Every structure is written in structure tokens, then in C-alpha cells.
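Understanding the architecture of this molecule
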Amino acid sequence: MSTLNTPSVAVSPREDAMQLHRAFKGMGCDTSTVINILAHRDAEQRGLIQQEFETRFGDELVKHLHSELHGHVKKAVLLWMHEPVARDATILRNAFKGTITNHEAAIEVICSRSSAHLRQIKQIYYSMFDTRLQQDIESEAFGNYKKLLLAYVSTTRYEGPEIDKLMVENDVKALHRAEDNCFIQIFCERSRAHLVAVESAFHATYGKPLRKVLKRETSGIFKHALMTILQCAEDPAKYFAKVLHKAMKGLGTDDTTLIRVVVTRAEFDMRQVKLEYRKIYKKTLYDAVHSETSGNYRSFLLSLIGSNV
């Protein structure tokens, strides 16, 4: 369900396209107008604006955004202009084929999305980049981390709430043996509800959290991927609140991560992410982003985040 702050009255893609065209004319770009329009339109509305812009002016809106905007606001707006599945495909392509492989971004997208969403990503990935997602995983990932990602994108998981108690008990025993192949099979094939039940039963049976076993028995990027799957099974909004906090804490801001998470969650669960952020860090996400950014970049991200709660 979208949590984006869109206008309460009907908006005209034609009028939006005309205003954007005027914003690009003359000396310099009227970036405030670009932000005020695009940050408050959902994926369907943005698609209609792009169609209208091309029809009326014979050019692609994205080309103008690419040439008229600059810096972090350019990166954020261009990522925002994709519809969600194409956006995830783009993030993954950049993660695997960018200047430096961004394994954290790849894990975030693959290990937090549903199997139904991943199926769509694989389809559009091939149509956009003329290569299969699995091929890029094969060439850029390694070891158990590669095995995990390949299994995760290739498995159709049950998405419902029902669990099989006997299977939960068997998985708890298997995970206690702490074998890498067992971790991969269970974490890739089971539903989120099942993994939450396994974690609870594991703690009850052995008196320690499953995540402690993961931290002790696995390492590096493989451990990070397993932890991401488990955390997103429990509470995805809490997971993304923590990713955002990590991106902003300490000296300097990880703007790539900040942009990626704000843009991808804005139309999905931003309201829950904001609530979790405030609960954990005793500060609103709005205030945190406000203090770490500036100018049009700040305005755009805060428009996507919405109210200061």
C-alpha cells in the first residue's frame, strides 16, 4: 500500500508535463517545481506524465531530468522515475556492474523482496539489460553467498501465514547443526512466517537466539545475507529503519544507500519505517535526514518521507 503524499484532488498529467517543460526552459532549471510535481506523484501518475511529455514535446522527460539536474538530487529523481520493479532491476544491475560491486545493495533488494516480486524483477532485468539476473550473480558473487542468492531468486516461496509445526521442529534441529547448505536451503525455501516460527522455536529449544548462531557459524557477506532474510521475515520496516540509521551515523553520509532506501520505500511502507525509526532512535527520520542533507536534495527526500512523525 502506497504511503506517498499525493494530491487529494485529481491532477492532470498534461498540466504536469507542461509545467515541467516550462521548468526546463531558460537559464537553469526550476528544480523546486520539478520536485513539487514529481515527489508527489505515484508510479502510475509519473508514467502518465512521461507519456504526455513525450507526446506533446517529442522528447523523453527522463532525458531532460538527466541533463538539467545535478548531484544527489539528480540521482534520487532519476531512480524515482522508474516504476518499482524496473527500479529494483536497475539497482541490481548497478550493484553488480557498477564501478565497484555493491553487495549490500544487491542483498538488500534480493533478500527483502517477495518471490513474486523477484519473478517480475528477473523478467524485466532480461528485457532491460539483455542478460539474466542469475548470470550477473554468477559472475559477481562468490562462495556460499553466490549459492544463497541464486537459490533465493530461483525459489518460489509460500507467502501466506500458515506454518507446518512439524517442519518447524525439523528445521530447528537441522539449523542447530549449523551447516552452510542447511542455512541456504531453509532460508531460501521457507516463508517469512515459517522463519519467524523457526526463530522462536529455536530460542525456546536451545535457549539462545538463532541470530547468535548465524553470527558465530557464518561470516562476511554470506552472514549479512542470512541476517537480512531473517530480519525482513521478522519486521522489514525495522530492518530498513536500521539501514537508514547506519547510512547517516558517524562522519559523512552514505548518500547512495540513503537515496536507495528512501526512494524504494516511499510508495510501500515509509509510514511503518518512520514509526520504527522513531521508536528505536528517539528521533524522527524526517529530522535525521534534514540534518544530513541540504538544498534541493533535502527537499526531494523529505517530500518522499512525508510528515515529521
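This is a predicted model, so every value here is computed, not measured. (Residues numbered from 1 in each chain as written. Predicted model: local features only at pLDDT ≥ 70, side-chain atom pairs only at ≥ 80, totals over all residues. Heavy atoms only, no water.)

**Notes on helix α19 (residues 285-292)**
Given 3.6 residues per turn, any residue in an α-helix points the same way as the ones three and four places further on. For α19, every residue scored as buried is listed here: Leu285, Ala288 and Val289. Along the long axis of α19, the arc covered by the buried residues comes to 95°, so they all point the same way. (Buried < 20%, exposed > 50% of the residue type's maximum accessible area, 1.4 Å probe, protein only. Helix = DSSP H or I, 4+ residues; strand = E, 2+ residues; numbered from the N terminus. Arc of directions from axis to C-beta.)

**A short note on the state of the cysteines**
Taken as a whole and assessed by the stated rule, the structure comprises 0 disulfides. Lacking any disulfide linkage, cysteine 111 is separated from the closest cysteine sulfur, that of cysteine 188, by 7.4 Å. No disulfide involves cysteine 232; its sulfur sits 8.0 Å from the nearest other cysteine sulfur, which is in cysteine 111. (Disulfide = S-S within 2.5 Å.)

**Topic: the nonpolar core**
Counting residues in each nonpolar core, the largest one holds 99 residues, and the members touching the most others are Leu65, Phe96, Phe187 and Phe300. For this core, the element with the highest residue contribution is helix α15 (residues 220-234), accounting for 9 residues. (Core = buried A, V, L, I, M, F, W, Y, C linked by side-chain atoms within 4.5 Å.)

**A look at the domain arrangement of the chain**
As assigned here, the chain comprises domain 1 (13-69), domain 2 (88-154), domain 3 (165-234) and domain 4 (237-305). For domain 3 and domain 4, the distance between their C-alpha centres works out to 28 Å. (Domains from an automatic or database assignment.)

**So, unusual backbone geometry**
What is expected of a backbone is that most residues other than glycine have negative phi and most peptide bonds are trans. A positive phi angle, near 55°, is found at aspartate 130, a position not held by glycine. Checked against the element boundaries, aspartate 130 lands in the loop between α8 (115-129) and α9 (133-140). On the basis of relative accessibility, which here comes to 60%, the residue aspartate 130 falls in the exposed class. A positive phi is found at alanine 178, a non-glycine position, where the angle reads about 55°.

**Looking at the packing of helix α13 (residues 192-206) against helix α14 (residues 210-217)**
Axis separation between α13 and α14 bottoms out at 8 Å; the angle between their running directions is 90°. Taken together, α13 and α14 sit at an angle that is classed as roughly perpendicular. Residues Val198, Glu199 and Phe202 of α13 form the contact with α14, whose own contacting residues are Leu210, Arg211 and Val213. When the residues that make up the contact of α13 with α14 are grouped by side-chain class, the tally is 4 nonpolar, no polar and 2 charged. (Axes fitted to C-alpha atoms, helices over the stretch in contact; angles between N-to-C directions. Parallel < 35°, antiparallel > 145°, perpendicular 65-115°, else oblique. Contact = heavy atoms within 4.5 Å. Nonpolar A, V, L, I, M, F, W, Y, C, P; charged D, E, K, R; others polar.)

**With respect to the packing of aromatic side chains**
In this structure the tally under the stated criterion is 8 aromatic pairs. Here phenylalanine 183 and phenylalanine 187 contribute two aromatic rings whose centre-to-centre distance is 6.4 Å and whose plane-to-plane angle is 80°, an arrangement assigned as edge-to-face. Here phenylalanine 187 and phenylalanine 183 lie together in helix α12 (residues 180-189), a separation of 4 residues that amounts to about one turn. Residue classification places phenylalanine 183 among the buried residues on the basis of a relative accessible area of 0%. Ring geometry for tyrosine 239 and phenylalanine 240: centres 4.9 Å apart, planes at 75°, overall edge-to-face. Each member of the pair tyrosine 239 and phenylalanine 240 is classed as buried. Through successive ring pairs, a cluster of aromatic residues spans Phe24, Phe53 and Phe57. (Phe/Tyr/Trp six-rings, centres within 6.5 Å; stacked < 30°, edge-to-face > 60°.)

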